[in-house]
Amino acid sequence: MCLPGGVPVWLNRKPISILHDAAQAAEIRCGTKPMRFSRRTNWDTEETELARAHRQRVRAGLPTADLTASNPTRCGFEYDPALIAALADPLALDYDPQPRGSLRARQAVCRYYADHGVEVDPDRLVLTTSTSEAYSYLFRLLCDPDCEILVPQPGYPLFDFLAGLDDVRIQPAPLVYDHGWQIDPEGFRRAITSRTRAIVLVHPNNPTGHFTKPWETEELARLCREFDLSMIVDEVFLDYAFAGDGRSFTSGIEGVPVFVVSGLSKVAGLPQMKAAWIVATGPHASEALDRLEVIADTFLSMNAPVQCALPAWLDERARIQGQIRRRVAANLSELDRQLKSQQGIERLQVEGGWYALLRIPALEPDEQTVLALLERGVWVHPGSFFGLPESGWLVVSLLGPESEFSTGVTLLIEYIDKHQVINTSQSGL
């Protein structure tokens, strides 16, 4: 479920926390006995102040330049109506349950990787309804309760929720910025414990937009071999490099079990069609796939019409990808153009994906900055949503319509410039 603009509901909730004993005691004093729920769902589901302010502004019909847009189907791109016709394949009327997904659909995914210069055997593939489901399958495959998964920070906050639902712990591992984003090998090593089972990479990362370099791959591979870890690589943004083509990890890493996840949400700009996959390579891949097949067979969640349509959707991906690349490049260029006229905001290097990270003066908590920007008609994400410090960072999406994006950036810069002048004046500098 998403809010207007495609913002996931969970991103607008308070951070995961256990309900306070005091709150439960209050319920008892009021004569109501609390229902028993699992601890894994003991989240604080109260709406955040940011989400509430945004909802109220939308409800009031006030103009808002959305710099958080992540849903390509709501960003003005042109989709071929014939894409829907692919769902009418008569083969979908036959129920043929295949735990790994239909061979025809898996072969289509293999052709996708062939275009990336990697030969993938369809027997190394398992189809899922989403990358979220793929992660859940892999967490169940690799982890017992309370095992740990290393996830680079900054990164996408969805992992916390997925891991919690599978009784797995997320252990952050640091990315550092020094002439571009990169892993901190010693920071990763320090994060590994006896309970660590895998390292997650997002390639390119969300929101930093950096691709994992060969030297980083080798450092992480060395850690995986030393500590008997697997690697999970999310390549949903692989096709959206700003220069050249991103290298897929489906080619494998010597001596390391690698599980690559991706899907139609970004590859074909079709998040609503719910189709994704896992590619397994490396040591013990056959055994891992046999176990994944049992997990998939337990749920059989992939529906027949989508599996039948998947080859056509992948074959037509170039049309929507071209539109997205042009939009993202134009918005990034407009962002840089406007930033040239001021000194207070730095746009960090980005190599791919749909997002840009801005470093701003750390004059107040970022959530307060975002609220103030919303009052002025622009909606952005605070960097803290993605594991960045509480002050000094904003995340903007490059996916929205160009005129709306330009307006939003103008409002953002005007506020930061004015706010910086006021604070400098008040400090007597």
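Keep in mind that what you see is a predicted model, and the values were worked out from it rather than measured. (Residues numbered from 1 in each chain as written. Predicted model: local features only at pLDDT ≥ 70, side-chain atom pairs only at ≥ 80, totals over all residues. Heavy atoms only, no water.)

**Side note on the overall build of the protein**
Then, in step 1: In terms of helices and strands, the protein carries 14 helices and 16 strands.
Then, in step 2: Radius of gyration (C-alpha) of the protein: 22 Å, near the 22 Å computed for a compact globule of 429 residues.
Then, in step 3: In terms of its C-alpha atoms, the protein occupies a principal-axis envelope of roughly 70 × 55 × 45 Å.
Then, in step 4: Looking at the protein as a whole, 52% of its 429 residues are labelled buried.
Then, in step 5: For the protein, restricting intrachain contacts to residue pairs at least 6 apart in sequence, the fraction spanning at least 24 positions comes to 75%. (Helix = DSSP H or I, 4+ residues; strand = E, 2+ residues; numbered from the N terminus. Rg over C-alpha atoms; globule rule 2.2 N^0.38 Å. Buried < 20%, exposed > 50% of the residue type's maximum accessible area, 1.4 Å probe, protein only. Contact = heavy atoms within 4.5 Å.)

**Some thoughts on the sheet that holds strand S15 (residues 381-382)**
Then, in step 1: Strand order across the open sheet formed by four strands is S12-S13-S16-S15, with antiparallel pairing between neighbours. Looking at which strands have only one partner, the edges of the open sheet turn out to be strand S12 (346-347) and S15.
Then, in step 2: As defined by bridge partners, S15 adjoins strand S16 (residues 393-397) across two bridges and the pair is classed as antiparallel. Opposite Pro 382, over in S16, you have Leu 394 as the bridge partner. (Pairing = 2+ DSSP bridges.)

**Brief notes about the packing of aromatic side chains**
Given two aromatic rings, their pairing is described by the distance between the two centres and the angle made by the two planes.
Then, in step 1: Summed over all chains, the structure comprises eleven aromatic pairs.
Then, in step 2: When the ring of Phe 237 is compared with that of Tyr 355, the centres are 6.4 Å apart and the planes differ by 85°; the resulting orientation is edge-to-face. Of this pair, Phe 237 sits in the loop between strand S9 (230-234) and strand S10 (258-263) while Tyr 355 sits in strand S13 (residues 355-359), and the two are 118 residues apart along the sequence. Exposure class is identical for Phe 237 and Tyr 355. Each is buried.
Then, in step 3: Three or more aromatic residues joined by ring pairs form one cluster here, namely Phe 237, Tyr 240, Trp 354 and Tyr 355. (Phe/Tyr/Trp six-rings, centres within 6.5 Å; stacked < 30°, edge-to-face > 60°.)

**Considerations on helix H11 (residues 304-315)**
Then, in step 1: Inspection of H11 places Val 306, Gln 307, Cys 308, Ala 309, Leu 310, Pro 311, Trp 313 and Leu 314 among the buried residues, and these make up the whole buried set.
Then, in step 2: Where H11 is buried, its residues meet helix H3 (82-85), helix H4 (103-114), strand S4 (125-128), helix H9 (264-267), strand S11 (276-281) and helix H12 (317-339).
Then, in step 3: Two or three places before Val 306, at the opening of H11, Asn 303 has a side-chain oxygen 3.0 Å from that residue's backbone nitrogen. (Polar contact = N/O pair within 3.5 Å; in protein donor to acceptor, adjacent residues only side chain to side chain.)

**What about the pattern of salt bridges?**
A side chain with one charge can pair with a side chain of the opposite charge if their charged atoms come near.
Then, in step 1: For the structure shown, the criterion picks out 20 salt bridges.
Then, in step 2: Taking the shortest distance from any N to any O, the salt bridge between Arg 40 and Asp 167 comes out at 3.0 Å. Of this pair, Arg 40 sits in the loop between helix H1 (21-29) and helix H2 (49-59) while Asp 167 sits in the loop between helix H6 (158-165) and strand S6 (169-177), placing them 127 residues apart in sequence.
Then, in step 3: Its relative accessible area of 36% is what places Arg 40 among the partly exposed residues.
Then, in step 4: Two residues, Glu 47 and Arg 55, come together in a salt bridge whose shortest N-O distance is 2.9 Å.
Then, in step 5: Classification of Arg 55 as partly exposed rests on a relative accessible area of 31%.
Then, in step 6: A single salt-bridge network, built from bridges that share partners, covers Arg 100, Asp 290 and Glu 293. (Salt bridge = Lys/Arg side-chain N within 4 Å of Asp/Glu carboxyl O.)

**Re the confidence of the model for the protein**
Then, in step 1: Averaged over all residues, the pLDDT of the protein equals 92, while 91% of them reach at least 70.
Then, in step 2: Within the model, pLDDT remains below 50 along residues 1-5, and this stretch shows 13 contacts once partners closer than five positions in the same chain are excluded.
Then, in step 3: Below a pLDDT of 50 lies the segment residues 17-23, which in the model reaches eight contacts outside its immediate sequence neighbourhood of four places, other chains included. (pLDDT = per-residue confidence, 0-100.)

**With respect to the pairing of S16**
Then, in step 1: With respect to burial, S16 is a largely interior element, five of its five residues being buried.
Then, in step 2: Here S16 shows two buried faces, one formed by Trp 393, Val 395 and Ser 397 and the other by Leu 394 and Val 396.
Then, in step 3: As defined by bridge partners, S13 adjoins S16 across five bridges and the pair is classed as antiparallel. Looking across to S16, one finds that Tyr 355 is bridged to Ser 397.

**Observations regarding the sheet that holds strand S5 (residues 148-153)**
Then, in step 1: The strand order across the open sheet formed by eight strands is S4-S11-S10-S9-S8-S5-S6-S7, and the pairing between neighbours is mixed. Both outer strands of the open sheet, S4 and strand S7 (181-183), are each paired with one neighbouring strand and no more. Adjacent strand axes in the sheet meet at a mean angle of 25° when their direction is disregarded.
Then, in step 2: Note that strand S8 (residues 196-202) and S9 share five bridges and pair parallel. Its bridge partner being in S9, Val 200 is matched across the sheet by Ile 232. (Axes fitted to C-alpha atoms, helices over the stretch in contact; angles between N-to-C directions.)

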